[in-house]
Amino acid sequence: QQGRAQFQLFDRQQSIEVEQSQRLAESLRRELKQCPEHFSTAYQPLYSVQSGECVGLEVLARWKSPVHGVVPPSAFIPLAESRGLINALTARQFEIIRQDLANSKGHKLFIPIIAVNVAAQQISDPVFERMLLDFARDVRTSGWQLEVELTESQLMTQIDGLHERLQNWRRRGIRIAIDDFGTGYSCLAYLHSLPVDKLKIDRQFLQAQTESRKEDQIMYAIMSMANALGIEVLAEGVETAEQLTRLKQLGCAIGQGFGLAPPQPWRNDLLAPLMPGSV
Ligand code: C2E
Ligand code: CA
Ligand code: CA
Ligand code: CA
């Protein structure tokens, strides 16, 4: 691949890894096609930090293969992206979410959010866009609002026509969230120029163990900036009561994390508020 007169030495370990990922990719392709029931969705609740009300759910893909066991998203999402299977996976998830939401009671007092992760290559894919706009309509009909989570690096590499596309999605009632905020180039300049509704601050800031609490200052700065721009802020990775208290003090609006609620199968009471003392 590198051209003539070039060669590369592969060590044994490397070729074993290549082989394993090849096998995993083949299973992924086959099971997506033949055994859609091996794929499911987990839902992780998002809470108002101040009131403990649940404001929505993030959807996370799950794969249980008879050959490979439970495969983590960190292993199969990149494969799905590189092997052209990501739309098939997304289609399967949308199908499951549709059914779950159609059977749900939603919420009487507000419109809960259902947040889905979007892969970089999907942003500019017209096939994905049709799927997404269709899905958004069904989500709205069920009394929910759709939010898409994009990462900073995706936004930086998909500049062409990005603004128009996001505007178009937004006109159809889709909210735009930036995921893992603070881990990419963190170019703040695009924030005011792009139609963004929410920042999800990466868990490294909340979970940092440094004495100086520099990370709290950074989170505070992000929140002030977001506030000035009318953008909502969510902190990822809330695991302890101490972290929740810090978020309250910082004035962060929304929290998500294992300490509040883990990703879990669909239940009708996923939107229940946090119980006092449950963190
Ligand atoms: P993400 O979008 O940042 O999702 C949050 C991840 O953090 C999830 O991992 C979740 O289980 C985990 N998490 C939640 N609370 C905590 C916490 O308090 N502490 C820690 N340490 N982790 C927490 P998961 O489910 O393994 O997903 C990993 C990544 O895979 C996601 O990161 C997302 O980038 C990707 N992913 C998952 N499902 C999909 C999907 O359907 N489509 C796409 N394109 N990507 C997906
Ligand atoms: Ca996410
Ligand atoms: Ca994230
Ligand atoms: Ca992530």
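For the structure given in this document, a descriptive report is provided here. Treat the numbers as computed from the prediction; the structure is a model and nothing was measured.

### As for the coordination of the calcium ion (ligand 3)
Right, so step 1: Here the calcium ion (ligand 3) is held by the protein donor atoms Asp-179 (OD), Asp-180 (OD), Glu-236 (OE) and Glu-236 (OE), which lie 2.1 to 2.7 Å from it.
Right, so step 2: In the primary sequence, the donor residues of the calcium ion (ligand 3) line up as D-D-x55-E.
Right, so step 3: Here the calcium ion (ligand 3) and the calcium ion (ligand 2) are spaced 4.1 Å apart, linked through Asp-179, which binds each one.
Right, so step 4: A relative accessible area of 7% places Asp-179 in the buried class.

### Observations regarding the packing of aromatic side chains
Right, so step 1: Taken as a whole, this structure holds 6 aromatic pairs when the rule is applied.
Right, so step 2: Between Phe-39 and Trp-63 the ring centres are 5.6 Å apart and the planes differ by 15°, which places this aromatic pair in the stacked class. Note that Phe-39 is positioned in strand E1 (residues 39–48) and Trp-63 in strand E2 (residues 54–65), a separation of 24 residues in sequence. Taken individually, Phe-39 and Trp-63 each receive the classification buried, so the pair is uniform in this respect.
Right, so step 3: Of the aromatic side chains, those joined through ring pairs into one cluster are Phe-39, Trp-63 and Phe-76.

### Examining the coordination of the calcium ion (ligand 2)
Right, so step 1: Around the calcium ion (ligand 2), the protein contributes the donor atoms Glu-58 (OE), Asn-117 (OD1), Glu-149 (OE) and Asp-179 (OD), which lie 2.1 to 2.4 Å from the metal centre.
Right, so step 2: Here the donor residues for the calcium ion (ligand 2) map to a single chain with the spacing E-x58-N-x31-E-x29-D.

### Quick look at the site of ligand 1
Right, so step 1: Lining the immediate environment of ligand 1, one finds 22 residues, of which Arg-62, Gln-93, Asp-179, Glu-239 and Phe-258 sit closest.
Right, so step 2: Note that a nitrogen atom of ligand 1 is positioned 3.1 Å from one of the side-chain N or O atoms of Gln-44.
Right, so step 3: One nitrogen or oxygen atom from the main chain of Phe-258 is found 2.8 Å from an oxygen atom belonging to ligand 1.
Right, so step 4: Relative to its unbound accessible surface of 800 Å², ligand 1 loses 80% to contact with the protein.
Right, so step 5: Because more than half of its atoms lie within 2 Å of the grid, ligand 1 is assigned to the largest pocket.
Right, so step 6: With 4 residues, E2 is the single largest residue contributor to the shell around ligand 1.
Right, so step 7: Among the residues making up the shell around ligand 1, the classes are represented as 9 nonpolar, 6 polar and 7 charged.

What counts and what doesn't
Residues numbered from 1 in each chain as written. Chains lettered and ligands numbered in written order. Predicted model: local features only at pLDDT ≥ 70, side-chain atom pairs only at ≥ 80, totals over all residues. Heavy atoms only, no water. Donors = N, O, S within 2.8 Å, 3.2 Å for Na, K, Ca; no water. Buried < 20%, exposed > 50% of the residue type's maximum accessible area, 1.4 Å probe, protein only. Phe/Tyr/Trp six-rings, centres within 6.5 Å; stacked < 30°, edge-to-face > 60°. Helix = DSSP H or I, 4+ residues; strand = E, 2+ residues; numbered from the N terminus. Near = heavy atom within 4 Å. Polar contact = N/O pair within 3.5 Å; in protein donor to acceptor, adjacent residues only side chain to side chain. Areas by Shrake-Rupley, 256 points an atom, 1.4 Å probe, with all protein chains shown as cover. 1 Å grid on protein atoms, 1.4 Å probe; cavity = no way out; pocket = protein on both sides within 12 Å on 5 of 7 lines; lining within 4 Å. Sits in = over half its atoms within 2 Å of the grid points. Nonpolar A, V, L, I, M, F, W, Y, C, P; charged D, E, K, R; others polar.

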